[in-house]
Amino acid sequence: MAASRIVFHVDMDAFYASCELTEHPEWRGKPLIVGADPGDGRGRGVVLTATYEARKFGVRSGMPISQAYRQCKDPDTVYVQPHFDLYVRMSREVMVTIQSFADVFESWGIDEAFLDVTARAGSWEGARVLAAELKVQVRERHGITCSVGAAPNKAVAKIASDFQKPDGLTVVEPEAIESFLAPMPVNRIVGVGRKTSERLEALGIHTIADLAAYPSEDLAKLFGSWATYMGNVARGIDETPVQPWTGPPKSIGSETTFHEDTRDPEAVWDIAKDLIEDVHARLGHEGLAYRTVGIKVRFEDFETFTRARSLRVHTKDKDPIVEQVRAMLREFLEDGRDLRLIGVRLADLNEKTPSAVSLDRFTSE
Ligand code: TTP
Ligand code: MG
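Scope of this entry: the structure provided in the associated data block. This structure is a prediction, so every number in the text was calculated from the model and none was measured.

1. Things to note about helix 14 (residues 319-333)
Move 1: With 15 residues, helix 14 ought to run about 21 Å at 1.5 Å a step, and its terminal C-alpha atoms sit 21 Å apart, in line with that.
Move 2: For helix 14, every residue scored as buried is listed here: Pro320, Ile321, Val322, Gln324, Val325, Met328, Leu329 and Phe332.

2. Points about the packing of helix 1 (residues 15-23) against helix 4 (residues 84-99)
Move 1: Viewed as axis vectors pointing N to C, helix 1 and helix 4 meet at an angle of 95°, and their least axial separation amounts to 10 Å. Compared by their axis directions, helix 1 and helix 4 come out roughly perpendicular. Counted together, Phe15, Tyr16, Cys19, Glu20, Thr22 and Glu23 of helix 1 and Phe84, Leu86, Tyr87, Arg89, Met90 and Ser91 of helix 4 form the full contact between these two elements.
Move 2: Here the contact of helix 1 with helix 4 is composed, by residue class, of seven nonpolar, two polar and three charged.

3. Things to note about the pattern of salt bridges
Move 1: Summed over the entire model, instances satisfying the criterion amount to 28 salt bridges.
Move 2: When the shortest N-O distance is used, the salt bridge between Glu173 and Arg128 registers 3.2 Å. In this pair, Glu173 is assigned in the loop between strand 8 (169-171) and helix 8 (177-181) and Arg128 in helix 6 (residues 124-142), connecting sequence segments 45 residues apart.
Move 3: Residue classification places Glu173 among the partly exposed positions, given a relative accessible area of 24%.

4. Focus: the site of ligand 1
Move 1: Neighbouring ligand 1 are 13 residues; Ala14, Thr49, Tyr52, Arg55 and Asp111 lie closest to it.
Move 2: A distance of 2.9 Å separates an oxygen atom of ligand 1 from a polar side-chain atom of Asp11.
Move 3: Residue Met12 places a main-chain N or O atom 3.1 Å away from an oxygen atom belonging to ligand 1.
Move 4: Protein contacts shield 75% of the accessible area of ligand 1, which totals 560 Å² for the unbound molecule.
Move 5: Elements with a minimum of two residues in the shell around ligand 1: strand 1 (7-12), helix 1, strand 3 (47-50) and helix 2 (52-55).
Move 6: The residue inventory of the shell around ligand 1, partitioned by class, reads six nonpolar, two polar and five charged.

5. Thoughts on the packing of aromatic side chains
Move 1: The final tally for this structure, using the stated rule, is eleven aromatic pairs.
Move 2: Among the aromatic residues, those joined into a ring-pair cluster are Phe15, Tyr16, Phe84 and Tyr87.
Move 3: The cationic tip of Arg55 hangs over the ring face of Tyr52; the distance from NZ or CZ to the ring centre is 4.1 Å.
Move 4: Lying across the ring of Phe299, Arg337 places its NZ or CZ 4.0 Å from the centre.

6. Topic: helix 13 (residues 265-286)
Move 1: The end-to-end C-alpha distance of helix 13 is 31 Å, a good match for the 32 Å that 22 residues give at a rise of 1.5 Å each.
Move 2: Of all the positions in helix 13, only Val268, Trp269, Asp270, Ile271, Ala272, Asp274, Leu275, Ile276, Asp278, Val279, Ala281 and Leu283 are classed as buried.
Move 3: Its side-chain oxygen at 3.0 Å from the backbone nitrogen of Glu266, Asp264 defines the N-terminal cap of helix 13.
Move 4: Just past helix 13, the residue Gly287 takes up positive phi, approximately 70°.

7. Looking at the sheet that holds strand 2 (residues 32-35)
Move 1: Spatially, 3-2-4 is the arrangement adopted by the three strands of the open sheet, whose pairing is mixed. Both edges of this open sheet fall to strand 3 and strand 4 (78-80), since each of them pairs with a single strand only. In this sheet, adjacent strand axes meet at a mean angle of 25° when their direction is disregarded.
Move 2: Summarising the sheet, strand 2 and strand 3 pair through three bridges and their orientation is antiparallel. Within the sheet, the bridge partner assigned to Val34 lies in strand 3 and is Thr49.

8. Some points on the coordination of the magnesium ion (ligand 2)
Move 1: For the magnesium ion (ligand 2), the full set of protein donor atoms is Asp11 (OD), Met12 (O) and Asp111 (OD), at a range of 2.0 to 2.2 Å.
Move 2: Note that the magnesium ion (ligand 2) binds six donor atoms; their angles at the metal cover 79 to 179°, and the shape is octahedral.
Move 3: One chain supplies every donor for the magnesium ion (ligand 2), spaced along it as D-M-x98-D. Of this pair, Asp11 sits in strand 1 while Asp111 sits in the loop between strand 5 (104-107) and strand 6 (112-116), placing them 100 residues apart in sequence. For the pair Asp11 and Asp111, one class covers both residues: buried.

What counts, and at which threshold
- Residues numbered from 1 in each chain as written.
- Chains lettered and ligands numbered in written order.
- Predicted model: local features only at pLDDT ≥ 70, side-chain atom pairs only at ≥ 80, totals over all residues.
- Heavy atoms only, no water.
- Helix = DSSP H or I, 4+ residues; strand = E, 2+ residues; numbered from the N terminus.
- Expected span 1.5 Å × (residues − 1).
- Buried < 20%, exposed > 50% of the residue type's maximum accessible area, 1.4 Å probe, protein only.
- Axes fitted to C-alpha atoms, helices over the stretch in contact; angles between N-to-C directions.
- Parallel < 35°, antiparallel > 145°, perpendicular 65-115°, else oblique.
- Contact = heavy atoms within 4.5 Å.
- Nonpolar A, V, L, I, M, F, W, Y, C, P; charged D, E, K, R; others polar.
- Salt bridge = Lys/Arg side-chain N within 4 Å of Asp/Glu carboxyl O.
- Near = heavy atom within 4 Å.
- Polar contact = N/O pair within 3.5 Å; in protein donor to acceptor, adjacent residues only side chain to side chain.
- Areas by Shrake-Rupley, 256 points an atom, 1.4 Å probe, with all protein chains shown as cover.
- Phe/Tyr/Trp six-rings, centres within 6.5 Å; stacked < 30°, edge-to-face > 60°.
- Lys NZ or Arg CZ within 6 Å of the ring centre and 35° of its normal.
- Pairing = 2+ DSSP bridges.
- Donors = N, O, S within 2.8 Å, 3.2 Å for Na, K, Ca; no water.
- Tetrahedral: all angles 85-135°; square planar, octahedral: opposite > 155°, others 65-115°.

Set out below in structure tokens:
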């Protein structure tokens, strides 16, 4: 048998909340919710994340902050509005530590990364030791915990890192993949959300084992090219290499699935503002300017659209993002369907010094 790869997926636990705790150790042990101002239960906007203490009350990312406020009965609950600069800085620092454990390192978002450690670990036993050491170093150097999944490929490693959160370590050796995946609900596969799960349920597909056993041709008729990926992952197959990140990012994006589908412009705009803050903070930390602002919108029926507009010149300013996102969202808010997800993306990035721009210099792509 060809030697299998050894891939780690590392994901920080309750990342934004954990960052806040490094600055406020006095909040440790209390439920902590990062998100919009709850405004005595009347606040708008959503929960970005919550500590595991708050999750005991059912608080989840994407939930309206007003609902979290009602549910989280602990009077000691701490509510914090996000400090994206802190999260970006800590992300960079933690990623340097994690990267030092990899043969090949691929950053995968603000709080997660894939590592190919095949050579360095040498064996599955070596992988266990390496992953444990990585967790110790992240905790000791940065004061936060992470969960690690180790498997022969990225898709399974990603499912494994989520398996024993928080502070987890799950190693899935090649022989164990099938039994590891079999009983899991299909939504553990990255990209299989509520709607896809519902469609699969309707076909009698509940677990990953059901999905693996379903005829590929039938799945392809229903889900198109996405079926191939889904079917392969269900069978534990994913050949995607861990790819090193070179150069500045091509784009900086952030997206959120609504806790409940909505067409309320204010609710949508509340989320859009958070996404804009997030991408703009990350842009600043990369020291980059952007020229293109994009949005992504997914409707309740999963139909998905993207739109983008470019400026004549690069800028680092936030206002043009706000203006353009607002303008591009309008069309979708008038559609009559509920929105399921929105995203904001900055593209066409470079390091040029920004020049002053005014809004009348925008052109549509
Ligand atoms: P996640 O890794 O999905 O969540 P988490 O790190 O808070 O919790 P855990 O991994 O232990 O389950 O996302 C990383 C950060 O991204 C999270 O701390 C906050 C942010 N985020 C949002 O802003 N909106 C969202 O809907 C989600 C899921 C995350
Ligand atoms: Mg995380």
